[in-house]
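Chain residues, written in single-letter form:
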Amino acid sequence: MKKRFTGSKILSLKALPLYFKRNPFLKIALTSFTILLIVSITANTAANNKRLKKLAKSHWAFQPMSKEGLPAVKNQHWVKNRIDAFVLNQLEERKLTPSPEAPRRVLIKRLYYDLLGLVPDPDRVQQFESSTSPTAYEELVEELLASPRFGERWGRHWLDKARYADSDGYEKDRPRPNAWRYRDWVIEAINSDLPYDQFSAQQLAGDLLPNPTSDQRLATAFNRQTLTNTEGGTDQEEFRVAAVFDRVETFGAIWLGLTLGCARCHDHKYDAISQKEYFSLYSLFNNADESNTNVSTSDLAQEEYEQNLKRFLEGEREFLDHLQKRQRAIEGELDQHLKALSKKIETGEIAPLEILPTLPTSFSTSDNTQLVSKGDGSYLATGPAADKGTYVLEYSFPKTPLSGVRLDVLADPQLPKKGPGRAENGNFVLSEIRLELITKGKAQKISFQSAKASFSQNEFAVSKAIDGKDDYGWAISPKMGSNQWAEFTLKSPLLPKDHQDSTIRIHLVQNYRNPHRLGRFRIRLKAGSDPDLKKETVSILKKSANELSPRERQQIVSYLASKDPQSRAQSKKLADYQKGRPKAPSMRVRVLSERKNNRRKTRILERGDFLRPGEEVHSGAFAILPPLKKPEQSPWLSRLELSHWLFKEENTLASRVSVNQVWKHLFGVGLVDTMEDFGIRGTSPSHSELLDWLGKEYRELRWSRKALIRLIVHSATYRQDSKHRPEVQNQDPKNRFLHRQNRFRTEAETIRDLTLDVSGLLSTKIGGPSVFPPLPPGIAELSYANNFKWNTSKGEDRYRRGLYTFFKRTSP
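Criteria and cut-off values
Residues numbered from 1 in each chain as written. Predicted model: local features only at pLDDT ≥ 70, side-chain atom pairs only at ≥ 80, totals over all residues. Heavy atoms only, no water. Helix = DSSP H or I, 4+ residues; strand = E, 2+ residues; numbered from the N terminus. Rg over C-alpha atoms; globule rule 2.2 N^0.38 Å. Contact = heavy atoms within 4.5 Å. Areas by Shrake-Rupley, 256 points an atom, 1.4 Å probe, with all protein chains shown as cover. Lys, Arg positive; Asp, Glu negative; His and termini not counted. Charge placed at Lys NZ, Arg CZ, Asp CG, Glu CD. Salt bridge = Lys/Arg side-chain N within 4 Å of Asp/Glu carboxyl O. Buried < 20%, exposed > 50% of the residue type's maximum accessible area, 1.4 Å probe, protein only. pLDDT = per-residue confidence, 0-100. Axes fitted to C-alpha atoms, helices over the stretch in contact; angles between N-to-C directions. Parallel < 35°, antiparallel > 145°, perpendicular 65-115°, else oblique. Left-handed = near helix turned anticlockwise from the far one by under 90°. 1 Å grid on protein atoms, 1.4 Å probe; cavity = no way out; pocket = protein on both sides within 12 Å on 5 of 7 lines; lining within 4 Å. Points joined across faces, edges and corners; volume = space filled by probe spheres on them. Pairing = 2+ DSSP bridges.

Asker: I tried to follow the overall build of the protein chain on my own but got confused; where do I start?
Answerer: Along its length, the protein chain carries 24 helices and 16 strands. The C-alpha atoms of the protein chain give a radius of gyration of 41 Å, which is well past the 28 Å a tight globule of 812 residues would have. Along the longest, intermediate and shortest principal axes, the C-alpha atoms of the protein chain span 125 × 115 × 60 Å. Of the contacts formed within the protein chain by residues at least 6 apart in sequence, a portion of 74% connects residues at least 24 apart. Working note: accessible area of the protein chain is about 42000 Å², and carbon and sulfur atoms make up 52% of it. If you average the places of the 127 positive and of the 99 negative side-chain charges in the protein chain, the two averages end up 6 Å apart.

Pasting the structure below:
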């Protein structure tokens, strides 16, 4: 009897293959449906992309700037500059009139709030109100633009865009103690009115500028405001990719006014930006590495350092002048000095230091150890090794002054762990090195004054080999298996004229426990008595003073000065003075740097998953924007070309977006309401011709932020009263056409600043490390495992502007 399928079995996944086998038509139908669905989705996607590209071609944000001139207006006497003509034209079309100018008391408060984020002093208000000068307003604007508080106010706006914080983020959220240095760079750059195109280029690609300064490298800390995950077990590549995503999308929001996040995983739903184009832009940031660099602690500290250095160099110059004066005196008596020097060299009284390739005349050991010559002056110890023993080598006295001994210990495959010692781990201990002068069969002990080595083991310094004790000595762990050396210098050189009939005997005493004996070694004699005398100088002395070239003459004079008591005393004074050379105030900061080798390839990540790389892509921008071209002299595009491309005349987005940002901070709302979305889903500009004119004017003003702000705040539009006008409520309910100045609340971050300012407590200190003002209980404890302690600042640091408050991401 055949089994019948029940409903539960039909729903079972295991039963489906058998069900399809018994019902082939269902299988065909399901397969056909799947194919049709895929074709439909593909067709819809292609149709959508085609529609988006068509829309993008006509979308206002991607069009060239309007070339129309100033619009005609009736109320000419109201117009103070060209901004007003564009605004008044819109108002007159709607039969609206602008509001009168705000009272002076309101204007000065408005300017202080907008330009400095602070309250005007009552005396300054009274002075401005009572002034009869026709340029009083303009003078007030200049005063505020020149204030160092201007950089604090407008720097805060930028730091918000740059996602600045003093900690890493994620669960552990560790502090970034030097993050504030980038914040100070922003304030300084804005106060100095660094042109916006340079301001942008330095932050995007300061490391790629020709011969970048430390400040230009510091500016790239903009890119390091991404989160950093330091939790155990994280995949570092996953979070590196996440940081690059953040840089790409922050770039899109700040400079292009476009939402790029959608295209990370698929073609953008609303704007004509494909996933492939997203990763073409991604590749420009993908080849950068997170790194560190040294920068000055602040411009003020750098200025103070430069002043101190200038004073130091002036003092140093005085010492150098005295030295040069003495050298000129020596040069005046050069003939006499040459004769005396030549005589000392001929008699062997002085000679250049050198290592002699001397071979021993005999060698022996105190036990059954055998020393086998390796043909290069070195010997290999073979045979049984006792715990204690001594190698003895004898040498003929050299024809130049003897000043010391050099011992080379050499690795060898015949030794344990390649030596150079005979211990199981390849180490050795040279307990003592002794030197004897043998004259007519009598031995005279010669003491060493100093010892130095290429490397010494902890507690087994090379100096222990000349301390007169036979227990501990020189050893080299953990650097076994490698060649090392030691040099031993006599208290005073032995002259050949005094020891013509003498020989030299060297004892290598090895009395450390276990056979820590030398395995392979070479001894050479150090000859010469004058470390300042070079062989080249000796050859020059064969000439007379008249035959010397200027270079040779200076070489002899420099040597003679090194032996002259007056010159040496002056040199010592100079050396002591140079110890007080001021040190540059520097600190380590996080920056971005371009990879020169092993450049990363960029592939499309399917669904934005770093584990699913697909098609390789090359650097570029979006088809809806002007092309981003590779420079002729470079094989690839970089972030630097990207920053230059932003401000090309044919690229209209950066200028439109940047003037809209400035406008928003002065009117409470931008000409384009959607600040970071100039795309198809964003709002259209309320004054498109004004936006374009401001964009072109910003370029004409050489991207001066202060000049742009000056232009806007000088306008009659900005100076209007902000009183509500019920009669125009229906025609312009949201004041999009600017029939009055907007009334908007002070940002939350500045309310405390204003309170402290009014109370007289606000600190005037600018820049420096972030501070910890009083904080309500329970906030800092929100951090991971309560690992962050909020130690309230003391003194004026309790009353700094909010801009300087330590910003912890997990306890904002």
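Asker: Where do I start with the pattern of salt bridges in this structure?
Answerer: Pairs can form between side chains of opposite charge whenever their charged atoms are close. Evaluation of the coordinates by the stated rule reveals 53 salt bridges. Arg 181 is paired through a salt bridge with Glu 188; the nearest N and O atoms lie 3.9 Å apart. Take Arg 181: its relative accessible area is 0%, and that puts it in the buried class. Residue Glu 188 is classed as partly exposed on the basis of its relative accessible area, which comes to 22%. Asp 753 is the partner of Arg 801 in a salt bridge, and the nearest nitrogen-oxygen pair spans 3.4 Å. Taken as a pair, Arg 801 in the segment after helix 24 (748–759) and Asp 753 in helix 24 lie far apart in primary sequence, 48 residues in all. Overlapping salt bridges bring together Lys 374, Asp 376, Arg 406, Asp 408, Asp 412, Lys 452, Glu 487, Arg 520, Arg 522, Arg 524 and Lys 526 as one network.

Asker: Sorry if this is basic, but what is going on with the confidence of the model for the protein chain here?
Answerer: Detailed conclusions should not be drawn from predicted coordinates in areas where pLDDT is low. Model confidence for the protein chain is summarised by a mean pLDDT of 90, while 94% of its residues fall at 70 or above. Contacts from residues 1–11, a stretch scored under 50 in pLDDT, to residues over four places away or in other chains number six contacts.

Asker: Help me understand the packing of helix 9 (residues 180–191) against helix 10 (residues 196–205) in this model?
Answerer: In the contact formed by helix 9 and helix 10, the axes pass within 11 Å of each other and the chain directions differ by 160°. On the basis of their axis angle, the class for helix 9 and helix 10 is roughly antiparallel. Remark: the crossing between helix 9 and helix 10 carries right-handed chirality. Across from Tyr 182, Trp 185, Val 186, Ala 189 and Ile 190 in helix 9, the residues of helix 10 making contact are Phe 199, Gln 202 and Gln 203.

Asker: Which parts of the structure should I look at to understand empty space enclosed by the protein?
Answerer: Gaps left between atoms show up when a probe the size of a water molecule is rolled over them. Following the criterion strictly, the structure yields two cavities of 30 Å³ or more and no others. The calculated volume of the largest cavity comes to roughly 120 Å³. The wall of the largest cavity is formed by Trp 154, His 157, Trp 158, Lys 161, Tyr 196, Ser 658, Gln 661, Val 662, His 665, Tyr 698 and Arg 705. Sorting the residues of the lining of the largest cavity by element identifies helix 8 (148–161) and helix 20 (653–667) as the ones contributing at least two each. Its boundaries defined by the atoms lining it, the second largest cavity holds a volume of some 30 Å³.

Asker: What is the right way to look at the sheet that holds strand 3 (residues 362–365) in this model?
Answerer: As a general point, the strands of a sheet are linked pairwise by backbone hydrogen bonds and lie either parallel or antiparallel. Spatial strand order, 3-6-12-8-9: five strands in an open sheet with antiparallel pairing. Only two strands of the sheet have a single neighbouring strand rather than two, namely strand 3 and strand 9 (442–446). When strand polarity is set aside, the average angle formed by the axes of neighbouring strands in this sheet is 25°. The pairing of strand 8 (residues 432–439) with strand 9 spans five bridges and is classified as antiparallel.

Asker: I'm lost on unusual backbone geometry in this one. Help?
Answerer: A negative phi holds for most residues other than glycine; trans holds for most peptide bonds. In this chain, Gly 419 is followed by Pro 420 through a cis amide linkage whose omega measures 10°. Tracing the sequence through the fold places Pro 420 in the loop between strand 7 (402–409) and strand 8. Cis geometry is adopted by the peptide bond preceding Pro 478, which originates at Ser 477 and carries an omega value of 10°. Summarising the element assignment, Pro 478 is placed in the loop between strand 10 (448–453) and strand 11 (484–494). The phi torsion at Arg 163 lies on the positive side, around 55°, for a residue other than glycine. With respect to the secondary-structure elements, Arg 163 resides in the loop between helix 8 and helix 9.

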